[in-house]
Amino acid sequence: MDWPERGVYFFFAPDKTRGSRDQHRITRIGTHAVSEGSKASLWNRLRTYRGAMNGTYEGGGNHRGSVFRKRVGEAITNRSGYQEEYPEWGDGSNANRELRLEEFEME
């Protein structure tokens, strides 16, 4: 795909609109790779949010590599009382295979 290396992205809520209009409400705005000399790319950041598209973790992502995914998971676990089911959510910058499989449903 012909994606820019750096940029701004917007997430829209498909079930929320701006007032009485039919326009979807923006729920997140972010930037990536906007610093001079950054080796990261916008597409790689968006791919991290989307999650895996093949293999064992189909549709799952890595909340330890994305603060956005980590915070959304924290909000869900707090709201739904899942702290005991996911006691290690967000701990550290990586996890072993067993823990990733345990957290897969939340991802």
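For clarity, every value in this text was computed on a predicted model and none was experimentally measured. (Residues numbered from 1 in each chain as written. Predicted model: local features only at pLDDT ≥ 70, side-chain atom pairs only at ≥ 80, totals over all residues. Heavy atoms only, no water.)

What about the environment of Val72?
- Relative to the helices and strands, Val72 is located in helix α2 (residues 67-80).
- Separated by 34 residues in sequence, Val72 and Met106 place their C-alpha atoms 9.9 Å apart. (Helix = DSSP H or I, 4+ residues; strand = E, 2+ residues; numbered from the N terminus.)

Notes on a nonpolar patch on the surface
- On the surface, Val8, Phe10, Phe12, Ile26 and Ile29 cluster together into a nonpolar patch covering about 470 Å² of accessible area.
- At 3 residues, strand β1 (residues 7-17) tops the list of elements feeding residues into the nonpolar patch. (Patch = residues over 30% accessible without salt bridge, like charges linked within 9 Å, V, L, I, M, F, W, Y side chains within 5 Å. Areas by Shrake-Rupley, 256 points an atom, 1.4 Å probe, with all protein chains shown as cover. Salt bridge = Lys/Arg side-chain N within 4 Å of Asp/Glu carboxyl O.)

So, α2
- For α2, which comprises 14 residues, the first-to-last C-alpha distance of 20 Å matches the rise-based estimate of 20 Å (1.5 Å per residue) to within 8%.
- When α2 is considered as a whole, its buried residues turn out to be Arg69, Gly73 and Thr77. Viewed along the axis of α2, the buried residues span an arc of 65°, placing them on a single side of the element. Residues Val67, Asn78 and Arg79 are exposed on α2 and point more than 90 degrees away from its buried face.
- Looking one or two residues beyond α2, the residue adopting positive phi is Gly81, at roughly 70°. (Expected span 1.5 Å × (residues − 1). Buried < 20%, exposed > 50% of the residue type's maximum accessible area, 1.4 Å probe, protein only. Arc of directions from axis to C-beta.)

Details of the pattern of salt bridges
- Applying the stated criterion across every chain yields a total of 3 salt bridges.
- Its salt-bridge partner being Arg69, residue Glu107 comes within 3.1 Å of it at the nearest N-O pair. With Glu107 in the segment after α3 (97-103) and Arg69 in helix α2, this pair connects stretches of sequence that are 38 residues apart.
- With a relative accessible area of 10%, Arg69 lands in the buried category.
- Arg71 is paired through a salt bridge with Glu74; the nearest N and O atoms lie 2.9 Å apart. With Arg71 and Glu74 both in helix α2 and 3 residues apart, the pair spans about one turn of that helix.
- By relative accessible area, which is 46% here, Arg71 ends up partly exposed.

A short note on the packing of aromatic side chains
- Evaluated as defined, the whole model comprises 3 aromatic pairs.
- Geometrically, the ring pair formed by Tyr82 and Tyr86 is edge-to-face, given 6.3 Å between the ring centres and 70° between the ring planes.
- Between Tyr86 and Trp89 the ring centres are 6.2 Å apart and the planes differ by 75°, which places this aromatic pair in the edge-to-face class.
- Among the residues examined, Tyr86 registers a relative accessible area of 10% and is labelled buried.
- You can call Trp89 buried: its relative accessible area is 8%. (Phe/Tyr/Trp six-rings, centres within 6.5 Å; stacked < 30°, edge-to-face > 60°.)

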